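Now for the letters of each chain:
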Amino acid sequence: MTGTEAFDRVVVIFNPNSTGRAPELAEELRAELADRLPDLPVTMSPTQHAGHGRDLAREAAAAGGRPLIVSVSGDGGYNEVVDGAMLAGNPDVVCAVMAAGNANDHRRTIRERPLADAVVAGEVYRIDLLRMTIGTGPDARTHYAHSYIGLGLTPVVAVDLEKGGKGSFREIVSVVRTFARFRPFTIELEDGSRRSVDSLLFANISEMAKFATLSDGGRPDDGRFEVITVPHTAKWRILGVAIRAATRGLGPQPTATRYGFTTLKPTPMQLDGEVIALDPGTPVCVEVAPRALATIS
């Protein structure tokens, strides 16, 4: 199967004001596909504001057919596209990412060939997603994540990076500053027990933050997700966990298909680089969505 048979059109979503190479990479992809697949329509869809990628992806998927929606971005931008596409309810939509961000954990983990080659080949396969439900009843909200959902140090550092800017030296300063003032948080599990933790991460991929290896054997298509928990401990022990993740890896981790808890205080949470705030007393349920995302690599 070739790209013209697998997809009826390509929608390229990118931030025209990106500080990286997103506009340039998006144009390069459009030009290469026009040359190699001249019969495949390609639409350029620049975003206009934060969160617009989610709306553009949802509109493209809801229009029907077999669209390939490409996010030229980092993990956060791709999160918007995947979330929007899933909420549209089109079973034939395919999503992919062209790395143009700071971390690009997802693309680095699953990449097999240049994206244009993958589009031309048209070989579609499915991977799991993380589906998070916030709240209960008619007011419940659903979000999807392609790689990870994190509470604790991960989202707090992400907030600081957004304030301090990205770049190697500034990243180090932000991480050290955040680490110095970080405090643990407590959640209540569904059985009524409480846990005080420094970090809680639900992972659909085995690597994150460029260098950290989260688990041995974790795959984005195994029907489960890894649960990496760092109980509250001395800060030097937390640093030791980070060093171990960046050097030899954290080793085998517990896995689950569902994890439910309630926040007790205002808590930031990160989905693939996108940070959201949880109010106190908010029920949260993280579940695996088996083979929910059609993609190419």
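What counts as what
Residues numbered from 1 in each chain as written. Predicted model: local features only at pLDDT ≥ 70, side-chain atom pairs only at ≥ 80, totals over all residues. Heavy atoms only, no water. Helix = DSSP H or I, 4+ residues; strand = E, 2+ residues; numbered from the N terminus. Contact = heavy atoms within 4.5 Å. Phe/Tyr/Trp six-rings, centres within 6.5 Å; stacked < 30°, edge-to-face > 60°. Buried < 20%, exposed > 50% of the residue type's maximum accessible area, 1.4 Å probe, protein only. Axes fitted to C-alpha atoms, helices over the stretch in contact; angles between N-to-C directions. Left-handed = near helix turned anticlockwise from the far one by under 90°. Nonpolar A, V, L, I, M, F, W, Y, C, P; charged D, E, K, R; others polar. Pairing = 2+ DSSP bridges. Expected span 1.5 Å × (residues − 1). Salt bridge = Lys/Arg side-chain N within 4 Å of Asp/Glu carboxyl O.

(A) Quick peek at the side chain of Thr47. Structurally, Thr47 can be placed in the loop between β2 (42-46) and α3 (52-62). When neighbours within four sequence positions are excluded, Thr47 is seen to be in contact with Ile13, Phe14, Asn15, Pro16, His52, Gly53 and Leu56.

(B) Layout of the packing of aromatic side chains. Counted according to the given criterion, the structure contains 4 aromatic pairs. Each ring, one from Phe202 and one from Tyr259, has its centre 5.0 Å from the other, and the planes form 55 degrees; the classification is tilted. In this pair, Phe202 is assigned in strand β9 (residues 194-203) and Tyr259 in strand β14 (residues 258-263), connecting sequence segments 57 residues apart. Each of the two residues, Phe202 as well as Tyr259, counts as buried. For the ring pair Phe202 and Phe261, a centre distance of 6.3 Å and an interplane angle of 20 degrees mean the geometry is stacked. Here the residue Phe202 occupies a position in strand β9, and Phe261 occupies one in strand β14, the gap between them amounting to 59 residues. Residue Phe202 is classed as buried on the basis of its relative accessible area of 0%. Phe261 gets classed as buried once you look at its relative accessible area, which sits at 2%. Grouping aromatic residues by their ring pairs yields a cluster made of Phe202, Phe225, Tyr259 and Phe261.

(C) A look at the packing of α3 against helix α4 (residues 75-88). At their nearest, the axes of α3 and α4 sit 7 Å apart, and the two run at 35 degrees to each other. As for how α3 packs across α4, the hand of that crossing is right-handed. Along the contact surface, α3 presents His52, Gly53, Arg54, Ala57, Arg58, Ala61 and Ala62, while α4 presents Asn79, Glu80, Val81, Asp83, Gly84, Ala85, Leu87 and Ala88. A breakdown of the residues in the contact of α3 with α4 according to their chemical character gives 7 nonpolar, 4 polar and 4 charged.

(D) View of the pairing of strand β1 (residues 9-14). Burial runs high along β1: 6 of the 6 residues are buried. Covered by surrounding structure in β1 are Arg9, Val11 and Ile13 together with Val10, Val12 and Phe14, the residues of both alternating faces. With 6 bridges connecting them, β1 and strand β3 (residues 67-73) associate as parallel partners. For Val10, the partnering residue across the bridge sits in β3 and is Leu68. Direction of pairing for β1 relative to β2: parallel, over a ladder of 5 bridges.

(E) Main features of α4. If you check α4, its first and last C-alpha atoms are 20 Å apart, about what 14 residues at 1.5 Å a residue would give, namely 20 Å. Counting buried positions along α4 gives 11 out of 14 residues, so the element sits mostly inside the fold. Of the residues making up α4, those classed as buried are Asp75, Gly76, Tyr78, Asn79, Glu80, Val81, Val82, Asp83, Gly84, Ala85 and Met86. The positive-phi residue at the C-terminal boundary of α4 is Gly89, with phi of around 80 degrees.

(F) Seen up close, unusual backbone geometry. Of note, the phi angle at Arg291 is positive, near 50 degrees, even though the residue is not glycine. When you line up the elements, Arg291 lands in strand β17 (residues 283-295).

(G) Examining the pattern of salt bridges more closely. As enumerated under the stated definition, the model contains 12 salt bridges in all. With its nearest N and O atoms 2.7 Å apart, the salt bridge here joins Asp117 to Arg36. In this pair, Asp117 sits in helix α6 (residues 115-121) while Arg36 sits in helix α2 (residues 22-36), placing the two residues 81 residues apart along the sequence. Here Arg36 falls in the partly exposed class, since its relative accessible area comes to 34%. Between Glu190 and Arg258 there is a salt bridge, with its nearest N and O atoms 2.6 Å apart. Placement of Glu190 in the loop between β8 (185-189) and β9 and of Arg258 in strand β14 is noted, with a sequence separation of 68 residues between them. Owing to a relative accessible area of 54%, Glu190 belongs among the exposed residues under this scheme.

In short, shape yes, function no, at least from these values alone.
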